[in-house]
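Single-letter residue listing:
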Amino acid sequence: VQSVFDLASIWRYRGGGLGVSLAEDQDRLVRQQVIASVALGYIQLSEAEQGVQTAQANLQLARLLLELAVSQRDKGIATGVDTARAQTRLASQEVQLSQARTLRDTARINFLRIVGAPLSADLELSEELSSDPARAPEPEAAIEQAKADRLELRIAERQARLAGMLRKAASADRLPSVSFFADYGSSGTKIDENSLPTRAVGVRVDIPVFDGGRTNGEVAVSASRERQAQRRLSDLRFEIERDVRVSLANLQTRESQVAAARQTVALAERELQLSQDRFSNGVADNIEVVNAQTSLENARQSLVSSTAQFNVARLNLAVALGHAESFRFR
């Protein structure tokens, strides 16, 4: 028996082929999501590592300033209050270094978990985070690129097409189907004496007359699913445009923050140098030094955080454009 014409089966066959392509796109989308997760984990680990380096630099600065306070006290220029104040800052920096190491260890474990490596493995970061100005595309060009390359949109389009094919297949169940049948055999009282070949061929037409409303129900369900797929597709187009515009605006903001943080570090270092000179010359106590020290510590931490957020913004833009696999740290 061979089916000759069955429109419902034809539409379901076409839908099956489209479903294979849809599954392949979904597989590629999952790979992109894994890439983005790994890149984000690397950024967080790098930020935590730079946080430890910043805390170590702040601790070294606190030790130098304590030595300066002790030297000034021995010379009779400073008082015990100045020394105690410097010792307090040193103790505070030791605590902050310990906290920074804890954050780094936590980020390391999280990153190893993301990449599927043993949690006891040693890590050495091979790339530093970029802080150079990014070359952002024009919004309209970026939106068109995202609509062409985003796998989510391609998947949604194929899901809508698949839903339409399944609706047509359900509707086609109302139509007749045609099949060809053939039979060949042997007939007789004895196989080796008087058996004769027999043949039967024909065409059969199946006409659905009454199915208890099953076809109408399937058509209604598949039509509803098609409308839902079309609405998701329409909403996704707006969402992609929103993602691109938000990513571009966020990237510009983070880039400005990095530039401002660099300038703040330079100014804080200058302020600390001036306050140290005043304290060394006995013009002022070390309150100015401690305040300038705090400003420099905050500026350094702000630079680390701004650099990490800038790279997160770069990653988000790559994801919004559908090119997570092309993201580079520098």
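The structure contained in this document is the topic of the report that follows. Quick caveat, the model's predicted, so the values are computed rather than measured.

### Focus: the pattern of salt bridges
Next, step 1: For the structure on display, the rule yields 20 salt bridges.
Next, step 2: Here arginine 12 and aspartate 173 are joined by a salt bridge, their closest N and O atoms 3.0 Å apart. Of this pair, arginine 12 sits in helix H1 (residues 7-74) while aspartate 173 is found in the loop between helix H4 (151-172) and strand E2 (177-187), placing the two residues 161 residues apart along the sequence.
Next, step 3: The partly exposed category is assigned to arginine 12, whose relative accessible area is 38%.
Next, step 4: According to the relative accessible area criterion, aspartate 173 is buried, its value standing at 19%.

### Some details on the sheet that holds strand E3 (residues 196-206)
Next, step 1: Pairing is antiparallel in the open sheet, where three strands are placed in the order E1-E2-E3. What marks the edges here is a single partner per strand, and that holds for strand E1 (2-5) and E3. For this sheet, the mean inter-axis angle between neighbouring strands, taken without regard to orientation, is 20°.
Next, step 2: In the sheet, E1 pairs with E2 via three bridges, with the strands oriented antiparallel. If you follow glutamine 2 over to E2, its bridge partner there is phenylalanine 180.

### Concerning empty space enclosed by the protein
It is the rolling of a water-molecule-sized probe over the atoms that shows where space remains empty.
Next, step 1: Tallying each qualifying case throughout the model produces one cavity of 30 Å³ or more.
Next, step 2: The calculated volume of the largest cavity comes to roughly 40 Å³.
Next, step 3: Together, Leu65, Leu68, Ala86, Phe279, Asn286, Val289, Val290 and Gln293 line the largest cavity.
Next, step 4: Among the elements that take part in the lining of the largest cavity, helix H6 (residues 287-321) stands out by supplying three residues, more than any other.
Next, step 5: Its residues assigned to classes, the lining of the largest cavity shows six nonpolar, two polar and no charged.

### Things to note about the layout of surface pockets
Next, step 1: As a volume, the largest pocket reaches approximately 390 Å³.
Next, step 2: Breaking the lining of the largest pocket down by element, the ones donating at least two residues are H1, helix H2 (80-115) and H6.
Next, step 3: Of all the elements, H2 adds the most residues to the lining of the largest pocket, at nine residues.
Next, step 4: Tallied by class, residues from the lining of the largest pocket come to eight nonpolar, 11 polar and two charged.
Next, step 5: Quantified by volume, the second largest pocket comes out at close to 300 Å³.
Next, step 6: Around the second largest pocket, the lining comprises 17 residues; the ones closest to its centre are Arg314, Ala318, Ser326, Phe327 and Arg328.
Next, step 7: Split by residue class, the lining of the second largest pocket holds nine nonpolar, three polar and five charged.

### A look at the nonpolar core
Next, step 1: Formed by 22 residues in total, the largest nonpolar core has its most connected members in Leu272, Phe279 and Leu296.
Next, step 2: Only H1, H2, helix H5 (214-280) and H6 provide two or more residues apiece to this core.
Next, step 3: Broken down by element, the residue count for this core peaks at nine residues, all from H1.
Next, step 4: Among residues more than four places away in sequence, those in contact with phenylalanine 279 are Leu68, Ala69, Gln72, Ile77, Ala78, Asp82, Ala284, Asp285, Asn286 and Val289.
Next, step 5: Core analysis: the second largest hydrophobic core is formed by 20 residues, Ala146, Leu236, Leu251 and Ala313 among them.

Parameters at a glance
Residues numbered from 1 in each chain as written. Predicted model: local features only at pLDDT ≥ 70, side-chain atom pairs only at ≥ 80, totals over all residues. Heavy atoms only, no water. Salt bridge = Lys/Arg side-chain N within 4 Å of Asp/Glu carboxyl O. Helix = DSSP H or I, 4+ residues; strand = E, 2+ residues; numbered from the N terminus. Buried < 20%, exposed > 50% of the residue type's maximum accessible area, 1.4 Å probe, protein only. Pairing = 2+ DSSP bridges. Axes fitted to C-alpha atoms, helices over the stretch in contact; angles between N-to-C directions. 1 Å grid on protein atoms, 1.4 Å probe; cavity = no way out; pocket = protein on both sides within 12 Å on 5 of 7 lines; lining within 4 Å. Points joined across faces, edges and corners; volume = space filled by probe spheres on them. Nonpolar A, V, L, I, M, F, W, Y, C, P; charged D, E, K, R; others polar. Core = buried A, V, L, I, M, F, W, Y, C linked by side-chain atoms within 4.5 Å. Contact = heavy atoms within 4.5 Å.

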